[in-house]
Amino acid sequence: AVEPTLSRVVLVDAKGVERAIPLRAGDAPNRIALDLPPLPSGAFGLRYKVLAVDGHVTENLLRFTVAAGD
């Protein structure tokens, strides 16, 4: 199980500007949930550091691109 109150997710834009994203418990003990703000088109990353209740830490960067809509 993960501990949302001790985990952190940061949204990073293409210029390197970071913004913390609030987390909440997900629909299962091993999940967290978050709501991203509306984003313009471009490249982004979600840098996360998640703490499990057993003390195990997982961290990484998830890169994604928002495409312009029609």
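Residues numbered from 1 in each chain as written. Predicted model: local features only at pLDDT ≥ 70, side-chain atom pairs only at ≥ 80, totals over all residues. Heavy atoms only, no water.

## Things to note about the overall build of the chain
What counts, and what does not: Secondary structure elements are taken from DSSP: a helix is a run of H or I of four residues or more, a strand is a run of E of two residues or more, and numbering for both begins at the N terminus. To sort residues, take the accessible area from a 1.4 Å probe on protein chains only and compare it with the maximum for the residue type: under 20% means buried, over 50% means exposed, and anything in between is partly exposed. Residues are treated as being in contact if the distance between any of their heavy atoms lies within 4.5 Å. His is not counted, nor are the chain ends; Lys and Arg add positive charge and Asp and Glu add negative charge. Charge positions are represented by NZ for Lys, CZ for Arg, CG for Asp and CD for Glu.
Tallying secondary structure elements over the chain gives zero helices and six strands in all. Viewed in the frame of its principal axes, the chain has a C-alpha envelope of about 45 × 25 × 15 Å. When the 70 residues of the chain are sorted by exposure, 20% land in the buried category. A separation of at least 24 residues holds for 44% of the contacts in the chain among residues at least 6 apart in sequence. The average position of the 8 basic charges and that of the 8 acidic charges among the side chains of the chain differ by 5 Å.

The values reported here are purely geometric and, on their own, carry no functional implication.
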